[in-house]
Amino acid sequence: LINKPRNCGFFMDVKMTDNVNHPEHWRPVPSTNGKIEASNLGRIRTSLTKFIRKTPIGKRGYPVFSFQRRLLTVHRCVAEAFIPNPEKKQQVNHIDGDKSNNRLENLEWATPRENVMHARRTGLHKSDGDKPVLKIKNGIVLARYKSASEAGRVNGISRSNIANVCRAKGTARESHYKTAGGFEW
């Protein structure tokens, strides 16, 4: 529902509510020194003019906006403005996994590990570890592993080195990543 439009020069300042139970509330975003405000409904506006900012989708799939020559993500601004972070967690997690849902009740502070574990639990993150890997020496397949992680554990070789060799096959990087631990992969 949209109610009470108010004319502010060229721009229309619109107070939004999704229903009677969730009116829109605004708070300053600390990292912008109060120059930007975020709402509990996931919108962004300038503090001075109250102009609602457009938030296009950025390269990583999150709504973003420009502030002082840098891109800020909407979800992080909403979290900074509304959610206490006494444990100093570095990331903001979307509880429902929808990067465009920046409503306050859908956000929580998380460690990088908590964020990845949430993504795996909810099926949002498919690990590279799900791809089978072959251990090869002189063109002979010596073993098959369910993942680069398993191959690394069994052979005492870095998982990332094995994965680099696998990803480099058929690319310009192939000459650089030919082997890991003395084996082709």
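Here, every reference points to the structure presented above.
Residues numbered from 1 in each chain as written. Predicted model: local features only at pLDDT ≥ 70, side-chain atom pairs only at ≥ 80, totals over all residues. Heavy atoms only, no water.

Caption draft 1: Here's a closer look at helix 1 (residues 74-82). Burial runs high along helix 1: seven of the nine residues are buried. Of the residues making up helix 1, those classed as buried are Val74, His75, Cys77, Val78, Ala79, Ala81 and Phe82. (Buried < 20%, exposed > 50% of the residue type's maximum accessible area, 1.4 Å probe, protein only. Helix = DSSP H or I, 4+ residues; strand = E, 2+ residues; numbered from the N terminus.)

Caption draft 2: Here's a closer look at the pattern of salt bridges. What the rule picks out here adds up to seven salt bridges. Between arginine 45 and glutamate 37 there is a salt bridge, and its shortest N-O distance comes to 2.5 Å. The pair formed by arginine 45 and glutamate 37 is uniform in burial state, with each residue classed as buried. For arginine 76, the salt bridge identified is with glutamate 80, shortest N-O distance 3.7 Å. With arginine 76 and glutamate 80 both in helix 1 and four residues apart, the pair spans about one turn of that helix. Taking relative accessible area as the criterion, glutamate 80 reaches 22% and is therefore assigned partly exposed. Sharing partners across several salt bridges, the network here consists of Glu37, Arg45 and Lys50. (Salt bridge = Lys/Arg side-chain N within 4 Å of Asp/Glu carboxyl O.)

Caption draft 3: Region of the structure containing the packing of aromatic side chains. All chains considered together, the criterion is met by two aromatic pairs. Look at tyrosine 145 and tryptophan 185: their rings are 6.3 Å apart centre to centre, the planes differ by 45 degrees, and that puts the pair in the tilted class. On the criterion of sequence distance, the pair formed by tyrosine 145 in strand 11 (residues 140-145) and tryptophan 185 in the segment after helix 4 (159-168) is long-range, its members being 40 residues apart. Between phenylalanine 183 and tryptophan 185, the aromatic rings sit 6.2 Å apart at their centres with planes inclined by 70 degrees, giving edge-to-face as the arrangement. Per residue, the accessibility class of phenylalanine 183 equals that of tryptophan 185, and both read buried. (Phe/Tyr/Trp six-rings, centres within 6.5 Å; stacked < 30°, edge-to-face > 60°.)

Caption draft 4: Looking closely at the layout of surface pockets. Estimated volume of the largest pocket: approximately 550 Å³. For the lining of the largest pocket, the residue count by class is five nonpolar, ten polar and four charged. (1 Å grid on protein atoms, 1.4 Å probe; cavity = no way out; pocket = protein on both sides within 12 Å on 5 of 7 lines; lining within 4 Å. Points joined across faces, edges and corners; volume = space filled by probe spheres on them. Nonpolar A, V, L, I, M, F, W, Y, C, P; charged D, E, K, R; others polar.)

Caption draft 5: Region of the structure containing unusual backbone geometry. At asparagine 33, a residue that is not glycine, the phi angle is positive and equals roughly 55 degrees. Inspection of the secondary structure assignment puts asparagine 33 in the loop between strand 3 (26-28) and strand 4 (36-39). A positive phi is found at lysine 50, a non-glycine position, where the angle reads about 65 degrees. For lysine 50, the location among the structural elements is in the loop between strand 5 (44-46) and strand 6 (64-67).

Caption draft 6: Up close: the nonpolar core. Judged by nonpolar contacts, the single largest core of 17 residues is most densely connected at Ile44 and Phe65. At the level of elements, strand 4, strand 6, helix 1 and strand 9 (107-110) are the ones that each hand at least two residues to this core. Top element by residues in this core is helix 1. It accounts for six residues. With residues near it in sequence (within four places) discarded, phenylalanine 65 still touches Ile36, Ile44, Arg53, Lys54, Thr55, Arg70, Leu71, Leu72, Thr73, Val74 and Cys77. Counting residues in each nonpolar core, the second largest holds twelve residues, with Ala143, Tyr145, Val165 and Trp185 among its members. (Core = buried A, V, L, I, M, F, W, Y, C linked by side-chain atoms within 4.5 Å. Contact = heavy atoms within 4.5 Å.)

Caption draft 7: Here's a closer look at the pairing of strand 4. The side-chain alternation of strand 4 yields two buried faces, one formed by Ile36 and Ala38 and the other by Glu37 and Ser39. Both strand 3 and strand 4 contribute to a ladder of three bridges, which runs antiparallel. Bridge pairing links arginine 27 to alanine 38 in strand 4. Adjacent in sequence and paired antiparallel, strand 4 and strand 5 are bridged by four residues, among which glycine 42 carries a positive phi angle near 90 degrees. (Pairing = 2+ DSSP bridges.)

Caption draft 8: Molecular detail of the side chain of serine 39. Within the secondary structure layout, serine 39 lies in strand 4. Within polar-contact distance, the side chain of serine 39 engages the backbone nitrogen of leucine 41 at 3.1 Å. Apart from residues no more than four positions distant in its own chain, serine 39 is found in contact with Glu24, His25, Trp26, Val78 and Phe82. (Polar contact = N/O pair within 3.5 Å; in protein donor to acceptor, adjacent residues only side chain to side chain.)

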